[in-house]
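# Overview (structure and organization)
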Amino acid sequence: MNQIITKRIQIGSRHVTTPLLWLGHDLKTRIRVWSQVRGCPGIVVNAHQVLSKRRFYVSACEHGLHAHLGYDGPLFLDSGGYQSQQTGRALIRVQELMAVQVKLRPDVGAVLDLPLDPLVSTRENARRWRRTLDNTAWMLRQKDRPLLALIVHSYNIQHAERRCLQLKALNEEPEVVCIGSLVPLLRGRALELGGSEEGHKTGLHHDWRYIARLISVVRTQFPRAMIHVFGAGTMASMFLLFLLGIDSVDSVAWRLKAAYGAIRLPGLADRYATDFGHTRTRRRLTSICNRLLRTCVCTVCEGLPLSRRVAKLAASFEARAVHNAQVFIDELNEFRLSARQRTHLDFVRHRLADNPLYLGIFNRTILPILSGGDA
């Protein structure tokens, strides 16, 4: 696990570089972040949102999703299964999703899955998995379709092994396999809430050990597939997932943090340029922040004196979102470089120095696993 290798792999008709980050695009915003950042690695769009915006859907069907968005890079169409679930009724059917994928032609389309919930019963989660498996089987049988990403959901290692075998029976060598239902674990409030299939309360370090074991199971069963984790969130989580062997993640954290007024800088936790009192959770810019901000070459900051950079980031959600997205992309590239130079552990340790929680997970959980300890 400790040998991170950057590589070029083929996904459908397109080649991508791993580790890979897909930036989550919200159709409700006017921001087209790929046109304002350098080196956008990939975009993920939600099919539930596409279907809920009729005019967008009709136009995208006519021109294709890439052309309609004005984006010619890798494009991942998520199924929207989670969003449909949140409404309390099925708003999207498997046939409907298949039609969307055929018409929009993304580079990768996710199967219609029903994510698990650590707070519901094991029986309910098992029902959700059966529906996901049935949808997967039906979608794989369709001939005129884009590349399908299969999805594994499990809060139990034995179940995960069996579910991987069930997917292999449908497609022995899929090109993309996703791991879903990890967002509550990554946020540190899943298994410890006591509703998991593991049947007992746990802590964040245990959750990350479970994530590592799950990744190992999926990688063992699908050694040639690109392994993707949905909803990786922060850069700290991304780095830890990459260390554990994940090839691909998606994140909307760059945009969500901007909405709450936060900006990201390399190696630092969230900082706030807006004018309010310094608190434990909302830290103001310091001299170190200003030094990093002076060197920023994102399209928002480039060419401006420090005072105008700060003022622009403080005043505009869009400016913060574009800045944050560029920082995420640049950090991905820095991680790739450190991986090629075999200095990725030192790189991640340095980047987590300002984040005691994730630095603790790195030191106490990730490093022992990478050294051959039991995941």
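For clarity, every value in this text was computed on a predicted model and none was experimentally measured.

Here is what the cut-offs are and how they apply
Residues numbered from 1 in each chain as written. Predicted model: local features only at pLDDT ≥ 70, side-chain atom pairs only at ≥ 80, totals over all residues. Heavy atoms only, no water. Phe/Tyr/Trp six-rings, centres within 6.5 Å; stacked < 30°, edge-to-face > 60°. Helix = DSSP H or I, 4+ residues; strand = E, 2+ residues; numbered from the N terminus. Buried < 20%, exposed > 50% of the residue type's maximum accessible area, 1.4 Å probe, protein only. Lys NZ or Arg CZ within 6 Å of the ring centre and 35° of its normal. Contact = heavy atoms within 4.5 Å. pLDDT = per-residue confidence, 0-100. Axes fitted to C-alpha atoms, helices over the stretch in contact; angles between N-to-C directions. Parallel < 35°, antiparallel > 145°, perpendicular 65-115°, else oblique. Left-handed = near helix turned anticlockwise from the far one by under 90°. Nonpolar A, V, L, I, M, F, W, Y, C, P; charged D, E, K, R; others polar.

To continue, consider the packing of aromatic side chains. Following the criterion strictly, the structure yields seven aromatic pairs and no others. For the ring pair tryptophan 22 and phenylalanine 76, a centre distance of 5.4 Å and an interplane angle of 85° mean the geometry is edge-to-face. Here tryptophan 22, found in strand E3 (residues 20-24), pairs with phenylalanine 76, found in strand E5 (residues 75-78); they are 54 residues apart in sequence, far enough to count as distant. With respect to burial, tryptophan 22 and phenylalanine 76 carry one shared label: buried. Between tryptophan 34 and tyrosine 71 the ring centres are 5.6 Å apart and the planes differ by 50°, which places this aromatic pair in the tilted class. Pair noted here: tryptophan 34 is in the loop between E3 and strand E4 (43-46) and tyrosine 71 is in the loop between helix H3 (65-69) and E5, with a separation of 37 residues, a long-range link. Among the aromatic side chains, those forming a connected cluster through ring pairs are Phe239, Phe242, Phe335 and Phe347. The cationic tip of arginine 255 hangs over the ring face of tryptophan 254; the distance from NZ or CZ to the ring centre is 5.8 Å.

Our next topic: the environment of alanine 269. Mapped onto the secondary structure, alanine 269 falls in strand E12 (residues 268-272). Judged by its relative accessible area of 18%, alanine 269 falls in the buried class. The spacing of alanine 269 and arginine 283 is 14 residues in sequence and 8.7 Å in space, taken between C-alpha atoms. Setting aside residues no more than four positions away along its own chain, alanine 269 makes contact with Arg264, Arg283 and Asp354.

This brings us to helix H10 (residues 235-243). Counting buried positions along H10 gives nine out of nine residues, so the element sits mostly inside the fold. For H10, the full list of buried residues reads Met235, Ala236, Ser237, Met238, Phe239, Leu240, Leu241, Phe242 and Leu243. A positive backbone phi angle near 105° is found at glycine 245, which sits one or two residues after H10.

Moving on, we come to unusual backbone geometry. A negative phi angle is the norm for most residues apart from glycine, just as the trans form is the norm for most peptide bonds. Along the chain, threonine 18 connects to proline 19 via a cis peptide bond; the corresponding omega equals -5°. Looking at the secondary structure, you find proline 19 in the loop between strand E2 (14-18) and E3. Within the chain, arginine 105 stands out as a residue other than glycine whose phi angle is a positive 50°. Here arginine 342, not a glycine, exhibits a phi torsion of approximately 60°, which is positive. Its location among the elements puts arginine 342 in the loop between helix H14 (317-340) and helix H15 (344-351). Residue class for arginine 342 comes out partly exposed when judged on its relative accessible area of 46%.

Glancing now at the side chain of threonine 136. Its place among the elements puts threonine 136 in helix H6 (residues 122-141). Residue class for threonine 136 comes out buried when judged on its relative accessible area of 0%.

Another point: the confidence of the model for the protein chain. Atom-level detail of predicted coordinates should not be read off regions where pLDDT is low. Taken over all residues, the pLDDT of the protein chain has a mean of 90, while the share at 70 or more is 90%. Counting interchain partners and residues more than four positions distant, the pLDDT-below-50 stretch residues 191-201 has 34 contacts.

Below, the discussion takes up the packing of H10 against H14. Following both chains from N to C, one finds H10 and H14 inclined at 25°, their axes separated by 11 Å at the closest point. Compared by their axis directions, H10 and H14 come out roughly parallel. Here H10 and H14 pass one another in a crossing that is right-handed. When H10 is examined against H14, the residues Met235, Met238, Phe239, Phe242 and Leu243 are found in contact with a partner set consisting of Val327, Phe328, Glu331, Leu332 and Phe335. When its residues are assigned to classes, the contact of H10 with H14 shows nine nonpolar, no polar and one charged.

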